[in-house]
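Understanding the architecture of this molecule
Listed below are the residues making up each chain.
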Amino acid sequence: MEKAYLVLGSGEVYEGQRIGAAGSSIGELVFTTGMVGYLETLTDPSYAGQIIMQTFPLIGNYGVIPGDFEGKPVAKGYVVRELCGTPSNFRSEYELDRFLREAGIPGICGVDTREITRLIREHGVVNAMICDEPPKDLGGINSFAVTGVVSEVSCRDKYVCPAEGEKKYSVALIDYGAKKNIIRCLNRRGCEVTVYPCGTAAEEILAADPDGIMLSNGPGDPAENTHCIEQIKKLIGKKPLFGICLGHQLTALAMGGETVKLKYGHRGGNQPVRQCGGSRTYITSQNHGYAVVGCSLKGVGKEIFVNANDGSCEGMDYPGMNCFTVQFHPEACSGPRDTEFLFDRFTAMMGGDQDA
């Protein structure tokens, strides 16, 4: 294997072996704690602009299974401790290194991912570069910023995904980088889903008269998506509305709230979320670097979930607006499905249940 380097904007240099595509790549280096689900991670549009580092040491052992893809791979790079070159799984079609090459994602293996993770946890998210030779000047690395990524990952034209079995409801899904399993969860509940590009005007969506509106996950800083926020302002209160991840953050901003960038984010399939006013703690799948400031929505919404580790906002209810949102992924695939009942709440709202 060829030699490669992972160079951090803070100056650290890690030598390893090249995997995936050739060439150099700069991105925001983030870590995810999932023990499984690397395919879903690599095909999650929410990782646009980022170099993904897996904290679990062995990656690729069950190969590549196209049926598990969540979207188009858009990551800037991939960092693992050990890449398995001989996968063993009856569903596997080829090895992960080939996937990375074909997707154009440069990667590196053989580095101490534990050490790098500890560095990020202590000092915060850092930009990084995967390259064949360390650059003498770190300016290009540190000047990188994740911007304009929602429009890059959103669909270009609207399309329709029919319900499984009898059609019960029609749902308008605004695609900020939607994972496929959001659509599957709705289809299984009898929902015909029309997927709209992120820039679609609220008037066009309301003219189609859907039974409910879903706001998807997506990448980047929520506050830069001013057009999307303005459209959500026009949608709230008109139809039952359910937002996930970026959709949760954009709704908060549309309601006059604030968002903040987390020190190193929440990424992985083992994030604990506590239900406010109850005794339940759910294990959830998450992928986000920003959080809603719950107290900024006082008098407008109420927190329904908080992160059990750091207390950050994980869900909001907007009384009288027929609207609720969550930061985590109830459609998690791969990951725990403890909170998939939230899709049932959404369909109950579309059925006229005001207490759902």
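Worth saying up front: this structure is predicted, and the values here are computed from it rather than measured. Numbering of residues starts from 1 in every chain and runs along the sequence as written. For a predicted model such as this one, the threshold for reporting local features is a pLDDT of at least 70, and the threshold for listing and counting side-chain atom pairs is 80 or more; totals across whole chains, interfaces and linings nevertheless cover every residue. Hydrogens and water molecules were not included; the side-chain quantities draw on all heavy atoms of the structure.

Notes on the packing of aromatic side chains
Each Phe, Tyr or Trp ring (for Trp, its six-membered ring) is paired with any other whose centre lies within 6.5 Å, and the angle between the two planes then decides the class: stacked below 30 degrees, edge-to-face above 60, tilted in between. All chains considered together, the criterion is met by nine aromatic pairs. Plain terms: the ring middles of Phe242 and Phe343 are 5.6 Å apart, the flat faces sit at 70° to each other, and that makes the pair edge-to-face. Separated by 101 residues along the polypeptide, Phe242 in strand β14 (residues 241–244) and Phe343 in helix α10 (residues 341–350) bring together distant segments of the chain. Note on accessibility: Phe242 and Phe343 belong to one class, buried. Ring centres of Tyr282 and Phe341 lie 5.6 Å apart, and the angle between their planes is 45°; this geometry places the pair in the tilted category. Taken together, the residues span a long stretch of sequence, with Tyr282 in strand β16 (residues 281–293) and Phe341 in helix α10 at a distance of 59 residues. Note on exposure labels: buried denotes an accessible area under 20% of the residue type's maximum, exposed denotes more than 50%, and partly exposed covers the range between, all computed with a 1.4 Å probe on protein chains only. Note on Phe341: relative accessible area 34%, which makes it partly exposed. An aromatic cluster is built from Phe242, Phe324, Phe343 and Phe346, whose rings are joined through pairwise contacts. The rule for a charge over a ring is simple: NZ of Lys or CZ of Arg within 6 Å of the ring centre, and within 35 degrees of the ring normal. Arg98 extends its terminal NZ or CZ atom over the ring of Tyr94, reaching a point 4.1 Å from the ring centre. The positively charged end of Arg345 is found above the aromatic ring belonging to Phe324, 4.1 Å away from the centroid. Each helix corresponds to a stretch of at least 4 residues labelled H or I by DSSP, and each strand to a stretch of at least 2 residues labelled E; elements are numbered beginning at the N terminus.

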